[in-house]
Amino acid sequence: MAALHKMIELAEQRSDGALLTWQRLKQQCDEALMKLSLLKQHRERYHDLFRAGLEQGMPAMSTMAYLGFIGQIDEVVIRQESEVGRIEAACTQQWQELVERRREKRLYEIFGERAASRELAAAFRRSQVEIDDLLQRVVKNPMQSSF
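Residues numbered from 1 in each chain as written. Predicted model: local features only at pLDDT ≥ 70, side-chain atom pairs only at ≥ 80, totals over all residues. Heavy atoms only, no water.

(A) Structural view of the overall build of the protein. A tally of regular secondary structure across the protein gives 2 helices and 0 strands. By the burial criterion, 21% of the 147 residues in the protein qualify as buried. A separation of at least 24 residues holds for 77% of the contacts in the protein among residues at least 6 apart in sequence. With 22 positive and 22 negative side-chain charges, the protein shows a separation of 5 Å between the mean positions of the two kinds. (Helix = DSSP H or I, 4+ residues; strand = E, 2+ residues; numbered from the N terminus. Buried < 20%, exposed > 50% of the residue type's maximum accessible area, 1.4 Å probe, protein only. Contact = heavy atoms within 4.5 Å. Lys, Arg positive; Asp, Glu negative; His and termini not counted. Charge placed at Lys NZ, Arg CZ, Asp CG, Glu CD.)

Next comes the structure, spelled out in structure tokens:
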């Protein structure tokens, strides 16, 4: 039973570690998504400024500068989308690991519960045998038995 208790503790430590790792990844994912959203908003503002400038007859140099800057923002957005995808995949994989660690822990707990149940049943049977023996002695020798 002590070995099983150690296995439960070890499984719990693994489960806790997997949970912490998943929580960190989830936080990174949330931050990466927020950064991506801000980048896209920034890109849209520059697109809007660019369109407004074109409507007002923006000089060619300014047009080229806007296009270059918007292109740079697009590259950063693409890299950030890739980063978000990578973190989301890691987060999903870590979630699966967490679920597996929790299942493992629960399996050991069930084994422990069953072992405790068997021990309790065995103790009950021993106590029942003792009571039956005592009752048989009392029936055989009612006068000599004293509690």
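(B) Broad picture of the pattern of salt bridges. Per the counting criterion, the structure on display carries 12 salt bridges. Ionic pairing is found between Arg 43 and Asp 74, a salt bridge with its closest N-O pair at 3.2 Å. Separated by 31 residues along the polypeptide, Arg 43 in helix α1 (residues 2-55) and Asp 74 in helix α2 (residues 60-140) bring together distant segments of the chain. Taking relative accessible area as the criterion, Arg 43 reaches 19% and is therefore assigned buried. Relative accessible area serves as the criterion here: at 25%, Asp 74 is assigned to the partly exposed category. Between Arg 86 and Glu 83 there is a salt bridge; the shortest N-O distance is 2.7 Å. With Arg 86 and Glu 83 both in helix α2, this residue pair falls 3 residues apart, about one helical turn. Taking relative accessible area as the criterion, Glu 83 reaches 30% and is therefore assigned partly exposed. (Salt bridge = Lys/Arg side-chain N within 4 Å of Asp/Glu carboxyl O.)

(C) Region of the structure containing the nonpolar core. Among the nonpolar cores identified, the biggest contains 8 residues, and these are Cys 29, Ala 32, Leu 36, Leu 39, Ile 73, Val 77, Val 84 and Ile 87. At the level of secondary structure, the elements contributing two or more residues to this core comprise α1 and α2. Sequence-distant contacts of Val 84, defined by excluding residues within four places in its chain, comprise Ala 32, Leu 33 and Leu 36. (Core = buried A, V, L, I, M, F, W, Y, C linked by side-chain atoms within 4.5 Å.)

(D) Structural detail: α1. Taking 1.5 Å as the rise per residue, α1 with 54 residues should run 80 Å; its terminal C-alpha atoms sit 79 Å apart, in good agreement. In the stretch just after α1, Gly 57 is the one whose phi turns positive, near 80°. (Expected span 1.5 Å × (residues − 1).)

(E) Quick look at the packing of aromatic side chains. Summed over the entire model, instances satisfying the criterion amount to 4 aromatic pairs. Pairing Tyr 46 with Tyr 66 gives two aromatic rings, centres 6.1 Å apart and planes at 55°, and the pair type is tilted. Here Tyr 46, found in helix α1, pairs with Tyr 66, found in helix α2; they are 20 residues apart in sequence, far enough to count as distant. Consider the rings of Phe 50 and Tyr 66, whose centres lie 6.1 Å apart with planes at 40°: the pair is tilted. Remark: Tyr 66 occurs in helix α2 and Phe 50 occurs in helix α1; sequence separation between them is 16 residues. Judged by relative accessible area, which is 11%, Phe 50 ranks as buried. What makes Tyr 66 partly exposed here is its relative accessible area of 22%. Ring-pair connections join several aromatic residues into one group, and the members of that group are Tyr 46, Phe 50, Tyr 66 and Phe 69. (Phe/Tyr/Trp six-rings, centres within 6.5 Å; stacked < 30°, edge-to-face > 60°.)

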